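# Per-entry structural report
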Amino acid sequence: MAATGSPILEVRDLVKHFPMTRGVLVRKQIGAIRAVDGVSFDLRRGETLGIVGESGCGKSTLAKLLMGLERPTSGSVRIKGREIADAKESELKRVRRTIQLVMQDPYTSLNPRMTVGDIVGEPYEIHPEAAPKGDRRRRVQALLELVGLNPDHISRYPHQFSGGQRQRIGIARGLALQPEILVCDEPVSALDVSIQAQVINLLARLQRELGLAYVFIAHDLSVVRHISDRVGVMYLGKMVELGRDAEIYGQPAHPYTQALLSAAPVPDPEGRERRRRIVLQGDPPSPASPPSGCRFRTRCWKAQEICAQQEPPLQLRPGTWHESACHFAEVYDAMRSF
Amino acid sequence: MSDTTIPGTSGSPGTPRARHARHAKSPAQPARDPRSPKGPGPQDAKPAGLWSDAWHDLRRRPLFIASAVLICVILLMAAVPQLFTSVDPYDAAGCRLGDARQAPSSGHWFGTDSQGCDTFARTVYGTRVSLLVGLSATLVTTLVGGLLGLVAGFRGGWPDALLSRVAEIFFAVPSVLGALLILAVFRTGTMWTVMLALAMLAWPMTFRIMRAAVITAKGQDYVIAARALGASGGRLMFRHILPNSIASVIVVATVNLGVFIAAEAGLSFLGVGVQSPSISWGLMIADARPRFLEAASPLLFPAAFLSLTVLAFIMLGDAVRDALDPKLR
């Protein structure tokens, strides 16, 4: 899983605001939902970047921006050095051979009226140059076998498969064009725990065999830890902490990450009582009118005057080895038990 | 859609995909998902697509076979009525006023009407006009309403706003009044003008149903997945959205067919539709209505043919709709 070489995905100051309008005949913009508000990161070949955060923090919008399904308000997304933020449709189509998507819900992400063969083979119909016509069926069967499905089931319909198998079909579709990056938007959240493990292991094996890079979006901390090399923590459209998985899980520096980790259940009863749980007050603020300065300050126990005035940039802080966006970042020792 | 190459007959072993396949067979591969579907079905490992699978399934449905046989007979009746009766109802010499309002007998199977004409022959000959009006109006309504609904629902924005407003204008016209108005413009009532009037007033319903179904289908994950693959607008519309939104339109179309045949009768009754000496079921029903209590058969038989035709098309629509849903197979 070693990440090597120059980044194949570079994201810089990515912003997506969804305008809120009012009026029937004359539309007036009365504000904007700041779904993603200045996110930057790199992804190297063969690397897995986990993105965690609670519902509504902009994870899925980020995935859509990376896929070119939404146009960013500003900022840049470069895939193998090619800018896609303002690329034309035809250019985007070429880039799509490099970056592909695995969606969350295996029950809605497969067209119920197409056979598995047609679903997995559709990428070749859209990109005829990717595979000669006579070779497609064989390739589809090879893909099904690659993801652990019976290649003879090529003529079946999605409803004849279980949730885990359907997710494998979705993964096979994503792999058809031999992409180098796979954006997985909560790929196991809709599955049973036992099936989750199978799919995660499948993704890990595919990464080893095909050298894929993953952007792995999830809200399940343990799943992300299992598969990721690096982890980014998002809060209200911002990346608040970014580092190697051991750093994020072992020495979290941002208060939000610490609270998030302390809320995760610990299976080991030994020492569980001694662990301190940080219970955050209130709900996340509305992304339509985020707090000034640090967005987390309204729920943070460390908040001071400066937090309301100055927005803390994501950078290396004294006493930590990875980037965090907190004026008072410090490693929280009680987390060792996690 | 799907090609018929036998696996492993083409492609050089050096391609990256072959590398995938080789890896898949490596011992590191985990056991296949234990919850694999029941053993290989009859349709396995054979090229398939929605339409060919639907056809394969349809041929074994009793409902489809029954309705198809019925429709074939009706179509034959419309095309060559001479096959079914030797009496030519357009020949006035065949009607004898002395035989008026006879009950069914061996000479006149369905009895005679108040002009003394054979009801069976008239019913058989009336099939053509009724069916042509019903089918053509249904076809035009479904094509126009369906396609416009597909475009409006898929594109959204100003095309949707424009088409929806136009549809609402037609919606606002009361149908009988609207048809009277349109037909009054043409002066002469033929089955084509009747068809046009019916289609003009009925397409907004199909349009709305299609538009709503398309808007629902458009936001589905599989459409987003296809967009992520770089699918064109046409592919999204006709490969993904249309097959998943056509079911309700098929149902409406089959119901419309009956409504149109009945509406043609109503317009003829009002004197703006098809006129004598043309023969249609609607005209026959309208003619027989005032004397229904004295002679029921001139009304009952064309009405029965009308009901059977509508039933046959509704059954066909149901069978097709079910066959197009893989979950119901």
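Residues numbered from 1 in each chain as written. Chains lettered and ligands numbered in written order. Predicted model: local features only at pLDDT ≥ 70, side-chain atom pairs only at ≥ 80, totals over all residues.

Chain B has the name Peptide ABC transporter permease in an unreviewed UniProt entry, where Planobispora longispora is given as its organism. The UniProt entry for chain B carries the following comment under Subcellular location (unreviewed entry): "Cell membrane". (UniProt positions renumbered as here; feature names shortened; annotations may be inferred.)

An unreviewed UniProt entry lists chain A under the name ABC transporter ATP-binding protein, with Planobispora longispora as the source organism. Recorded in UniProt under Sequence similarities (unreviewed entry), the annotation for chain A is "Belongs to the ABC transporter superfamily."

Looking now at the overall build of chain B. When helices and strands are counted, chain B shows twelve helices and zero strands. Out of the 329 residues in chain B, the part that is buried amounts to 40%. (Helix = DSSP H or I, 4+ residues; strand = E, 2+ residues; numbered from the N terminus. Buried ≥ 20, exposed ≤ 12 C-beta atoms within 10 Å, placed from the backbone.)

Looking only at helices and strands, one finds ten helices and twelve strands in chain A. Its C-alpha atoms give chain A a radius of gyration of 21 Å, near enough to 20 Å, the size a compact globule of 338 residues would have. Dimensions of chain A, computed from the C-alpha atoms along their principal axes, are close to 65 × 60 × 40 Å. In chain A, which comprises 338 residues, the proportion classed as buried is 50%. Summarising the internal contacts of chain A: among those between residues at least 6 apart in sequence, 65% fall at separations of at least 24. (Rg over C-alpha atoms; globule rule 2.2 N^0.38 Å. Contact = placed C-beta atoms within 7 Å.)

With that settled, consider the nonpolar core. Grouped together as the largest cluster of nonpolar side chains are 167 residues, with contacts concentrated most on L143, A172, V183, V215 and F216 of chain A together with L198 of chain B. Setting aside chain neighbours within four positions, we find V183 of chain A in contact with A63, L66, M67, I99, L101 and V215 of chain A. (Core = buried A, V, L, I, M, F, W, Y, C linked by C-beta atoms within 7 Å.)

All names here are of chain A. The strand order across the open sheet formed by eight strands is β6-β7-β8-β3-β9-β10-β12-β11, and the pairing between neighbours is mixed. With partners counted over all chains shown, the strands left at the sheet margins are β6 (99–102) and β11 (315–316), one partner each. Inspection of the sheet shows β6 paired to strand β7 (residues 181–185) by four bridges, in the parallel sense. Bridge pairing links V102 to C184 in β7. (Pairing = 2+ DSSP bridges.)

Turning our attention to the packing of helix α4 (residues 119–155) of chain B against helix α12 (residues 297–323) of chain B. Residues and elements named next belong to chain B. Between α4 and α12, the shortest axis-to-axis distance is 10 Å and the interhelical angle comes to 40°. Relative to α12, the element α4 is oriented oblique. In the crossing of α4 with α12, the sense of the turn from one axis to the other is right-handed. Taking contact as the criterion, the partners of T119, T123, G126, T127, S130 and L131 in α4 are, on α12, S297, P298, F301, P302, F305, L306 and T309. Its residues placed into classes, the contact of α4 with α12 shows six nonpolar, seven polar and no charged. (Axes fitted to C-alpha atoms, helices over the stretch in contact; angles between N-to-C directions. Parallel < 35°, antiparallel > 145°, perpendicular 65-115°, else oblique. Left-handed = near helix turned anticlockwise from the far one by under 90°. Nonpolar A, V, L, I, M, F, W, Y, C, P; charged D, E, K, R; others polar.)

Turning our eyes to something else, we now look at the UniProt feature "domain: ABC transmembrane type-1" (unreviewed entry) in chain B. As recorded in UniProt, the sites labelled "domain: ABC transmembrane type-1" (unreviewed entry) are residues 127–317 of chain B. Its end C-alpha atoms 20 Å apart, residues 127–317 of chain B is made of 83% helix and 0% strand.

Here, UniProt's "domain: ABC transporter" (unreviewed entry) annotation points to residues 9–261 of chain A. Taken as a whole, residues 9–261 of chain A contains 35% helix and 28% strand, while its terminal C-alpha atoms sit 28 Å from one another.

All names here are of chain A. Summarising burial for strand β3 (residues 48–52): five of the five residues are buried, a large majority. In β3, alternate side chains face the same way, and those of T48, G50 and V52 on one face and L49 and I51 on the other are all buried. Alignment of β3 against strand β8 (residues 213–217), held across four bridges, turns out to be parallel. Each residue of the ladder has a partner; that of L49, found in β8, is V215. Across four bridges, the pairing between β3 and strand β9 (residues 230–235) is parallel. Note that in β9 the partner of G50 across the bridge is V231.

Another aspect to go through is the environment of L25 of chain A. All names here are of chain A. Its place among the elements puts L25 in the loop between β1 (4–22) and β2 (28–45). Its 4 C-beta neighbours within 10 Å are what place L25 among the exposed residues. Residues L25 and P128 lie 103 residues apart in sequence; the distance between their C-alpha atoms is 44 Å.

Residue and element names in this part refer to chain B. One way to put it is that α4 packs onto helix α10 (residues 247–270) with a least axis distance of 8 Å and a crossing angle of 140°. As judged from the angle between their axes, α4 and α10 are oblique. Viewed along their axes, α4 and α10 form a crossing whose handedness is right-handed. Residues S130, V133, G134, L135, A137, T138, T141, T142 and G146 of α4 form the contact with α10, whose participating residues are V249, A253, N256, L257, F260, I261 and E264. Taken together, the residues of the contact of α4 with α10 sort by class into eight nonpolar, seven polar and one charged.

Before going further, it helps to spend a moment on the UniProt feature "transmembrane region" (unreviewed entry) in chain B. Residue and element names in this part refer to chain B. In the UniProt entry, the feature "transmembrane region" (unreviewed entry) is given for residues 63–84, 131–154, 166–186, 192–210, 241–263 and 299–320. Note that residues 63–84 is 77% helix and 0% strand, and that its end C-alpha atoms are spaced 25 Å apart. Across residues 299–320, helical content stands at 100% and strand content at 0%; the span's end C-alpha atoms are separated by 32 Å.

What follows deals with the environment of E10 of chain A. Residue and element names in this part refer to chain A. Topologically, E10 is positioned in strand β1. For E10 and S194, which are 184 residues apart along the polypeptide, the C-alpha to C-alpha distance reads 34 Å. The residues contacting E10, other than those within four sequence positions of it, are D42 and R78.

Our next topic: helix α4 (residues 136–146) of chain A. Residue pairs spaced three or four apart in an α-helix point in one direction, given the helix's 3.6 residues per turn. Residues and elements named next belong to chain A. Judged by how many residues are buried, α4 sits mostly within the fold: eleven of eleven residues are covered. Of the residues making up α4, those classed as buried are R136, R137, R138, R139, V140, Q141, A142, L143, L144, E145 and L146. Directly after α4, the chain includes G148, whose backbone phi takes a positive value near 85°.

Looking now at unusual backbone geometry. Glycine aside, residues mostly have negative phi angles, and peptide bonds mostly take the trans form. All names here are of chain A. Its identity as a non-glycine residue notwithstanding, K80 has a phi of 50°, on the positive side. The residue K80 is located in the loop between β4 (74–79) and β5 (82–83) in this model. Unlike most non-glycine residues, L236 shows phi in positive territory, near 55°. Tracing the chain through its elements places L236 in the loop between β9 and β10 (238–244). The buried category is assigned to L236, around which 24 C-beta atoms lie within 10 Å.

Further remarks concern helix α9 (residues 255–263) of chain A. All names here are of chain A. Of all nine residues making up α9, seven are buried, and the element is well covered by its neighbours. Taken residue by residue, α9 has P255, Y256, T257, Q258, L260, L261 and S262 as its buried positions. The elements touched by buried residues of α9 are α7 (221–227), β9, β10 and α8 (245–250).

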